Every structure is written in C-alpha cells, then in structure tokens.
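Tertiary structure, described
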Amino acid sequence: QPGPTRSSGSRSETRPGTLEIPRMIRPSPIDPDGLPSEWADDPLWFAIQAKPRGEEIAAYAVSTLGIDVLLPKIRTRPSRRASSTRLRPLFPGYLFGRLRLRQHLHPVRFTRGVLRVVGSGNRPVPVDDQVIAACVARMDDSGCVELDAPGLRHGDRIQIESGPFAGFHGVFDREMDDPCRVVVLLEALHQAQLVLDRRHVAPASG
C-alpha cells in the first residue's frame, strides 16, 4: 500500500530539540456557503483526525483525492531490549492535509478512515504554517521526524529546568521507548524514579 505523500513546503529554523504542537489560526468570518470566507479557496494546511489506529488508512485515502498529505512519524523500539525500531505517528490520531475548503472539505469528511477536519465546532481552522515547516525540516525520506538526543548517559547528574519539579537535581537513568520521555532518579526523594518530558531535563551545571 503506498504511503502518504510528503509536503514540499519551505523549511524554517527551529530550536534543536523542540517541535511545536499544532497551533490554530484565529477563525475567519463565514461566507454564504458556511465556510470561512478568507480560506474557502486558498490551499491551507489543516489537521485531520483519523479513526483509532487509522492514520495510515486515512492518509492514503485522502491522498487519492489529489491532496498533499503529511503524516509525521517517529522511530520507537517495541521494548528496551529490541534491536529493531518501528515507526509510529508523531501526533497519534492526526495527520495534516493541504486543503481548498470549498473543493475538498466535503469529500475529506466522508473519506475512509477520517473522523473530522479539526477546527472550532463545525468550522475547520488551518494550522500555522510554522508547525508544518518545523515537521518538514526534520523529516527524512521515510517521513520520520528526527528528534535530537539529550546528550545524556546513564549515571549523569541532571537538573530539571522546567515543569513542576523545576530546580530539583537527580541522576539520568534511561530513555523511555517513547523518545520524548526519560527516566531520572530524583535525589530529593531518595532516588525515586520519575518520568519526565526530555525537554525539561539538562546536564547539571558545575
């Protein structure tokens, strides 16, 4: 089964190790057809919610409508001991499509594997172009987004820079199968294990 197509959109500079979660642009006035008048005929990126575990099916089906589709993925390991990796969606349950609303909205809504075009109520709202550019800038030919490693090894001392445990110190233990999370041993709680977003963790200074 053919995979989803990949955007050829422009790339933008992003801070290493960060990837923005989709942001929506403010809704626009509605035209007589019930569509935002500013967007009805312009090709814009929209988030499309797929049916459970149906991202690939929805992406392929939408692409057959002649629509550019983006389904960013990340590599994960089924278990810590596994030598091979597998791909899964970066945003589980969602993909992106470059739609002209007047032409594409109705067909996409009734396409196999699609639940809805994401928006405010029944009004689809486009995704910020910077979000798409950030994904594309990190994607390889297989559609996989490369997330930067934190540069930490087992046993390294770390400090937590943000989140509810900001200011605490600990010891880096390991990465989770999900590359966005890590396990640290928190010194203040007698080496208790704590699972954190990797962006909150940095090597301890001094």
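Residues numbered from 1 in each chain as written. Predicted model: local features only at pLDDT ≥ 70, side-chain atom pairs only at ≥ 80, totals over all residues. Heavy atoms only, no water.

Looking now at the overall build of the protein. Summing up its helical and strand segments, the protein has three helices and 13 strands in all. Looking at the protein residue by residue over its 206 residues, the buried ones come to 40%. Contacts spanning at least 24 positions in sequence make up 62% of the contacts within the protein whose residues lie at least 6 apart. Carbon and sulfur atoms provide 49% of the accessible area of the protein, an area that totals close to 11,700 Å². (Helix = DSSP H or I, 4+ residues; strand = E, 2+ residues; numbered from the N terminus. Buried < 20%, exposed > 50% of the residue type's maximum accessible area, 1.4 Å probe, protein only. Contact = heavy atoms within 4.5 Å. Areas by Shrake-Rupley, 256 points an atom, 1.4 Å probe, with all protein chains shown as cover.)

All right, on to the confidence of the model for the protein then. Taken over all residues, the pLDDT of the protein has a mean of 76, while the share at 70 or more is 69%. This stretch, residues 1-21, has a pLDDT under 50; its non-local contacts, to residues over four places away or in other chains, come to 51 contacts. Across residues 26-30 the pLDDT falls below 50, and counting only partners more than four positions away or on other chains, this stretch makes 17 contacts in the model. (pLDDT = per-residue confidence, 0-100.)

The next point concerns the pairing of strand β11 (residues 181-186). The buried fraction of β11 is high, at five of six residues. Where strand β10 (residues 169-175) lies against β11, five bridges are found, and the strand directions are antiparallel. Within β11, the position partnered with Arg 174 by the bridge is Val 183. In the sheet, β11 pairs with strand β12 (residues 192-197) via six bridges, with the strands oriented antiparallel. Across the sheet, Val 183 pairs through a bridge with Val 195, a residue of β12. (Pairing = 2+ DSSP bridges.)

Moving on: helix α1 (residues 55-63). Among all positions of α1, only Glu 55, Ala 58, Ala 59, Ala 61, Val 62 and Ser 63 are buried. In this structure, the buried residues of α1 make contact with β1 (44-50), β2 (68-70), β4 (86-89), β5 (94-99), α2 (101-109) and β6 (114-117).

Tallied over the full model, the rule gives one aromatic pair. Aromatic side chains Phe 91 and Phe 96 sit 5.9 Å apart centroid to centroid with 85 degrees between the ring planes, which places their arrangement in the edge-to-face category. A residue is classified by how much of its surface remains accessible, and Phe 91, at 11% relative accessible area, is buried. Owing to a relative accessible area of 1%, Phe 96 belongs among the buried residues under this scheme. (Phe/Tyr/Trp six-rings, centres within 6.5 Å; stacked < 30°, edge-to-face > 60°.)

One open sheet holds the four strands; their spatial order is β2-β5-β1-β6, and the pairing between them is antiparallel. Single-partner strands in this sheet number two, and they are β2 and β6. Across the sheet, the mean angle separating the axes of adjacent strands is 30 degrees when strand polarity is ignored. Sheet topology places β1 next to β5; six bridges connect them, and they run antiparallel. Within the sheet, the bridge partner assigned to Phe 46 lies in β5 and is Gly 97. (Axes fitted to C-alpha atoms, helices over the stretch in contact; angles between N-to-C directions.)

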